[in-house]
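Okay, here's what each chain looks like letter by letter:
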Amino acid sequence: MAGLAESGSNPDVELLYDINGLAKDAPHWFDRVMEFVGEYGLLFAIVLLVLWCWWSVRRRGGEDAASTVAALVWAPLAAGVAVLVNVPIRGFVERPRPFKSHEGLEVLVAGKDDFSFVSDHATLCMALAVALFVASRRFGIAAIVLAVFGGFIRVYMGVHYPTDVVGGFALGTAVALLLSPVAMALLTPLTRAVERSPRAGWLVSARGRGGAAGRGAVIPGARKRSAEAGERDLAA
């Protein structure tokens, strides 16, 4: 199963040459930018979207804050699980990197000696993006667009076949969605407990349920005694 794309007439190989051919015609500085974006930039951008979504959720608060934060906690966990699932897949398929089987490619990143299918980058980015979509459609759609663009860049860089990227998208999506119900069932009670905590509640909601009125009182129970005194005055 090592040679999934050995023939030059294979559409997978043809698309690889078409996309990677753009790198040959691009200026050197543009290729360096694409290299950085493809290796680090887009993944970092998706992580920032997850953090931005968390910040928005905790500021807004509300009854759904705990469940939304639980979904956000699942995002990096889903990415980690997806990459672990990919380890035996890559070892089973044993597909060489495209530049080892095909000549004339413009390879922007050296030292890629591991197997090609499935793309770890595509798997990681899409798992993060889809799990983020579970938490917030607005942030999730933006992350999915970035993940798709990241997959395109991996082919542009000459380090993956298009089907490596598509396989990564499928794997990341499957892990994020199929395991989401179990993850939410386990994580939501945890985030609700954190929300009720006087010290850590701010991690879930800036307007935590943990007694906003109590935090406003200098002495615990002062408001209650003041109310009782007011009732006695009215009775008198």
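Residues numbered from 1 in each chain as written. Predicted model: local features only at pLDDT ≥ 70, side-chain atom pairs only at ≥ 80, totals over all residues. Heavy atoms only, no water.

**Brief notes about unusual backbone geometry**
- Here F117 and V118 are connected by a cis peptide whose omega angle stands at 5°.
- Within the secondary structure, V118 sits in the loop between α4 (98-101) and α5 (120-135).
- Positioned with a positive phi, E94 is a non-glycine residue whose angle comes to about 55°.
- Taking relative accessible area as the criterion, E94 reaches 40% and is therefore assigned partly exposed. (Helix = DSSP H or I, 4+ residues; strand = E, 2+ residues; numbered from the N terminus. Buried < 20%, exposed > 50% of the residue type's maximum accessible area, 1.4 Å probe, protein only.)

**So, a nonpolar patch on the surface**
- A surface patch of nonpolar side chains, amounting to about 360 Å² of accessible area, comprises F44, V47, L48 and L51.
- Checked against the element boundaries, L51 lands in helix α2 (residues 28-60).
- Taking the relative accessible area as the measure of exposure, L51 reaches 46% and is therefore partly exposed. (Patch = residues over 30% accessible without salt bridge, like charges linked within 9 Å, V, L, I, M, F, W, Y side chains within 5 Å. Areas by Shrake-Rupley, 256 points an atom, 1.4 Å probe, with all protein chains shown as cover. Salt bridge = Lys/Arg side-chain N within 4 Å of Asp/Glu carboxyl O.)

**Section: the pattern of salt bridges**
- Counting across every chain of the model gives 7 salt bridges.
- The residue R95 makes a salt bridge to D12 at a minimum N-O spacing of 2.8 Å. Of this pair, R95 sits in the loop between α3 (65-93) and α4 while D12 is found in helix α1 (residues 11-25), placing the two residues 83 residues apart along the sequence. Residue R95 shares its accessibility class with D12, and that shared class is buried.

**Focus: the UniProt feature "transmembrane region" (unreviewed entry) in the chain**
- Those places that UniProt annotates as "transmembrane region" (unreviewed entry) correspond, in this numbering, to residues 40-57, 69-89, 115-134, 141-159 and 165-187.
- The distance from the first to the last C-alpha atom of residues 141-159 is 26 Å, and the span holds 84% helix and 0% strand.
- Between the end C-alpha atoms of residues 165-187 there is a gap of 30 Å, over a span that is 96% helix and 0% strand. (UniProt positions renumbered as here; feature names shortened; annotations may be inferred.)

**So, the packing of aromatic side chains**
- Tallied over the full model, the rule gives 7 aromatic pairs.
- Both rings, one in W52 and one in F139, keep their centres 5.3 Å apart while their planes meet at 75°; by these two values the pair is edge-to-face. One end of the pair, W52, is in helix α2; the other, F139, is in helix α6 (residues 137-156), and 87 residues separate them in sequence.
- On the basis of relative accessibility, which here comes to 51%, the residue W52 falls in the exposed class.
- By relative accessible area, F139 is classed as buried at 6%.
- Between the aromatic rings of F152 and Y156, the centroid separation amounts to 6.5 Å while the plane-to-plane angle is 35°, which identifies the pairing as tilted. Of this pair, F152 and Y156 both sit in helix α6, 4 residues apart, which is roughly one turn of that helix.
- Exposure remark for F152: the relative accessible area of 33% places this residue in the partly exposed category. (Phe/Tyr/Trp six-rings, centres within 6.5 Å; stacked < 30°, edge-to-face > 60°.)

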